[in-house]
There are 2 protein chains.
Amino acid sequence: MLYLIGLGLGAKEDITLRGFAAVKQSATVYLEHYTSIQPQFILEDWNAFFGKSILLASRELVESGSEIIDRARQEDVAFLVIGDVFGATTHTDLYLRAVKAGVRVEVINNASILNAVGNTGLELYRFGKTTSLPFWTSSFKPMTTYDVVKENMQRGLHTLILLDIKVSEPSEENLRKGVSIPEPPRFMNVPEAIDLLFEMEASRKEAVLAPETRGVALSRIGSPDQLITSGTLAQLRTVQLGEPLHSLVIPGNLHHIEEEMLSLWKL
Amino acid sequence: MLYLIGLGLGAKEDITLRGFAAVKQSATVYLEHYTSIQPQFILEDWNAFFGKSILLASRELVESGSEIIDRARQEDVAFLVIGDVFGATTHTDLYLRAVKAGVRVEVINNASILNAVGNTGLELYRFGKTTSLPFWTSSFKPMTTYDVVKENMQRGLHTLILLDIKVSEPSEENLRKGVSIPEPPRFMNVPEAIDLLFEMEASRKEAVLAPETRGVALSRIGSPDQLITSGTLAQLRTVQLGEPLHSLVIPGNLHHIEEEMLSLWKL
């Protein structure tokens, strides 16, 4: 049996009782450790919390190997994912391979940024397509974010922009040298995101984003110390929002109750 | 202190450890009982589970009265919501009034249909705007669902359609008579939803939905006994999906891994 278990967005205590029970009864417990990590993750704390020795699952282990599925054929295996289970295609792929191998799979859902963004007071049904914003490199400068914001704006819809996380990846320079030493994790913050959005505007000039465009910055959303900040992009470009993870919302048309909620978070 | 706590989508055990601890330390515990209910809800079971006497919160209590906020000024109050906290405007309104009254509010998030729809294997970032589908009455036949599906389809995006729930509302007939006896709860099922969508198509004739259009039906998503069924709308119109809650997805363009996942649920 393979349990795919969402951990939610904040602390260890954000796991559900059902998820916790599944971990306790599993012989092997993996924590997915490449699409997302908790900024202040300490393995020993998690081991103590669950009373288990948690194995950190790298991309290679999950995508290339058969270890997880082989074990799940013989015993209960828990596979833990920050946020909810199906935030990344790699987990769908694991699910598919497990089912094909005849392994029973149970999904235990939890909060994800896609619904916790409702904590801003912006109505979930007034969001358009969600988009992500990757770090730019010398050779990779994707503009998708700009197009998604533009299309959502034209329909009056809000856009949730997920900011890039780089977990245990080698630097471009090391990659060129053939050295695969992982860099420390990097989390894009809101000012970096706004700089990229302004670069896109400067290049495309379609009047989608300007310094006076409104934005809502989210830090550690779903945690007890979550911080929500509302202001113009020019204002949000200069604020300190503390520890990661950060996300950014570009609101579309606002209802009066949404306006009122945003005024709570005004700079 | 006011705790707004998401209960998740399945059983009692889908509350998070943080949410459970907040309930235990609260002097008063309300369960919001008008925007959603659990189909097999038994109050005594919940009281036993939490070791508390849970108060059922009607719309009048939450929206018109000051009882909840008055109590939260003096003691810890837990307000429980099926799914996640901010699925309905009424909760945003409660949040705003609490903050204005000087009450500290902590939100404890949980899974919502908006992220658990990822259990289908459809990628969450490829969904457009979510829409809901209300029961039609003789005088209220909204077509919004049709327009949202159409716009999302034009962009190749998936549409999640939330099917109406009627909780403790009087019937139209009784309302006309001035009798406000609440009817038993009603949950729209997938065949009823597809009938309505076909009525919209018959009236608008914009070739958005046809019997051969693909759909994905969700029953009790997020529960251990969740059921996902994929097929044409003509096929889904005739299936028995068991107990509520039901939802329906009209997929847009599909990636190969999404196709593969949907083939797991094929009729």
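One can find the structure itself at the top, above this paragraph.
Remember, it's a predicted structure, so these values are computed and weren't measured experimentally. (Residues numbered from 1 in each chain as written. Chains lettered and ligands numbered in written order. Predicted model: local features only at pLDDT ≥ 70, side-chain atom pairs only at ≥ 80, totals over all residues. Heavy atoms only, no water.)

### Here we look at the overall build of chain A
When helices and strands are counted, chain A shows 11 helices and 12 strands. On the principal axes, the C-alpha backbone points of chain A span a range of 60 × 50 × 35 Å. Burial status across chain A gives 56% buried among its 267 residues. Summarising the internal contacts of chain A: among those between residues at least 6 apart in sequence, 73% fall at separations of at least 24. When the accessible surface of chain A is summed, it comes to about 11,000 Å², and 51% of that surface belongs to carbon and sulfur atoms. Taken as two groups, the 25 positive and 33 negative side-chain charges of chain A have centres that lie 3 Å from each other. (Helix = DSSP H or I, 4+ residues; strand = E, 2+ residues; numbered from the N terminus. Buried < 20%, exposed > 50% of the residue type's maximum accessible area, 1.4 Å probe, protein only. Contact = heavy atoms within 4.5 Å. Areas by Shrake-Rupley, 256 points an atom, 1.4 Å probe, with all protein chains shown as cover. Lys, Arg positive; Asp, Glu negative; His and termini not counted. Charge placed at Lys NZ, Arg CZ, Asp CG, Glu CD.)

### Regarding the side chain of glutamate 32 of chain A
Residues and elements named next belong to chain A. In this structure, glutamate 32 sits in strand β2 (residues 28-32). This buried residue, glutamate 32, is left without a salt bridge; arginine 59 holds the nearest opposite charge, at 7.2 Å. A distance of 2.5 Å separates a polar atom in the side chain of glutamate 32 from the backbone nitrogen of tyrosine 34. (Salt bridge = Lys/Arg side-chain N within 4 Å of Asp/Glu carboxyl O. Polar contact = N/O pair within 3.5 Å; in protein donor to acceptor, adjacent residues only side chain to side chain.)

### Some details on the side chain of serine 36 of chain A
Residues and elements named next belong to chain A. Here serine 36 is to be found in the loop between β2 and α2 (43-50). By relative accessible area, which is 12% here, serine 36 ends up buried. For serine 36, the residues in contact, after removing those within four places along its chain, are Ile82, Ile165, Val167 and Leu245.

### Focus on the interface of chain B and chain A
It is common to give the size of an interface as the accessible area that goes away when the parts come together. On the side of chain A, 52 residues touch chain B, which itself brings 52 residues to the contact. Approximately 4,600 Å² of surface area, both sides summed, lies buried where chain B meets chain A, with 59% of it carried by carbon and sulfur atoms. Among the residues of chain B in contact with chain A, Leu17, Tyr125 and Arg155 of chain B are the three that bury the most area, contributing 16% of the side total. Linking chain B with chain A are 6 salt bridges, by the criterion used here. (Buried area = accessible area lost by both parts, 1.4 Å probe.)

### A closer look at the pattern of salt bridges
This model, assessed by the stated rule, comprises 32 salt bridges over all chains. Between arginine 155 of chain A and glutamate 151 of chain B there is a salt bridge; the shortest N-O distance is 2.4 Å. In this pair, arginine 155 of chain A is assigned in the loop between α7 (144-154) and β7 (159-163) and glutamate 151 of chain B in helix α7 (residues 144-154), connecting two distinct chains. Classification of glutamate 151 of chain B as partly exposed rests on a relative accessible area of 34%. Two residues, glutamate 206 of chain B and arginine 204 of chain B, come together in a salt bridge whose shortest N-O distance is 2.9 Å. Connected through shared salt-bridge partners, Asp147, Lys150, Arg204 and Glu206 of chain A make up one network.

### Focus on the relation of the copies chain B and chain A
Mapping one chain copy onto the other needs a rotation about an axis and a shift along that axis. The transformation that overlays chain B on chain A combines an axial shift of 0.0 Å with a rotation of 180°, and the residual RMSD is 0.0 Å. Such values leave the two copies arranged in the relation of a two-fold axis. (Least-squares fit on C-alpha atoms with pLDDT ≥ 70 in both.)

### Considerations on the sheet that holds strand β1 (residues 2-6) of chain B
Residues and elements named next belong to chain B. With parallel pairing, 5 strands are arranged side by side in an open sheet as β3-β2-β4-β1-β5. Edge positions in the sheet fall to β3 (55-57) and β5 (105-108), since each has one partner strand and no second. Going across the sheet, the axis of each strand differs from the next one's by a mean of 25°, ignoring polarity. Summarising the sheet, β1 and β5 pair through 4 bridges and their orientation is parallel. (Pairing = 2+ DSSP bridges. Axes fitted to C-alpha atoms, helices over the stretch in contact; angles between N-to-C directions.)

### Quick look at the nonpolar core
Among the nonpolar cores identified, the biggest contains 77 residues, and Leu2, Leu4 and Phe79 of chain A together with Leu2 and Phe79 of chain B are the most heavily contacted of them. With sequence-adjacent residues up to four places away left out, leucine 2 of chain B is seen in contact with Ile68, Ala72, Val77, Phe79, Leu94, Ala98, Val103, Arg104, Val105 and Glu106 of chain B. The next biggest cluster of nonpolar side chains, apart from the first, holds 35 residues, and it includes Ala22 and Ile108 of chain A together with Phe50 and Ile54 of chain B. (Core = buried A, V, L, I, M, F, W, Y, C linked by side-chain atoms within 4.5 Å.)

### Description of the pairing of strand β4 (residues 77-81) of chain A
Residues and elements named next belong to chain A. A large share of β4 lies buried, amounting to 5 of its 5 residues. Of the two faces of β4, the one holding Val77, Phe79 and Val81 and the one holding Ala78 and Leu80 are both buried throughout. Where β2 lies against β4, 4 bridges are found, and the strand directions are parallel. Paired with tyrosine 30 across the bridge in β4 is phenylalanine 79.

### Concerning unusual backbone geometry
Residue and element names in this part refer to chain A. Between proline 244 and leucine 245 the backbone carries a cis peptide bond, its omega angle lying at -5°. With respect to the secondary-structure elements, leucine 245 resides in the loop between α10 (233-236) and β12 (246-250). In this structure, arginine 220 takes a positive phi of about 50° despite not being glycine. The residue arginine 220 is located in the loop between β10 (214-219) and β11 (227-232) in this model. Take arginine 220: its relative accessible area is 15%, and that puts it in the buried class.

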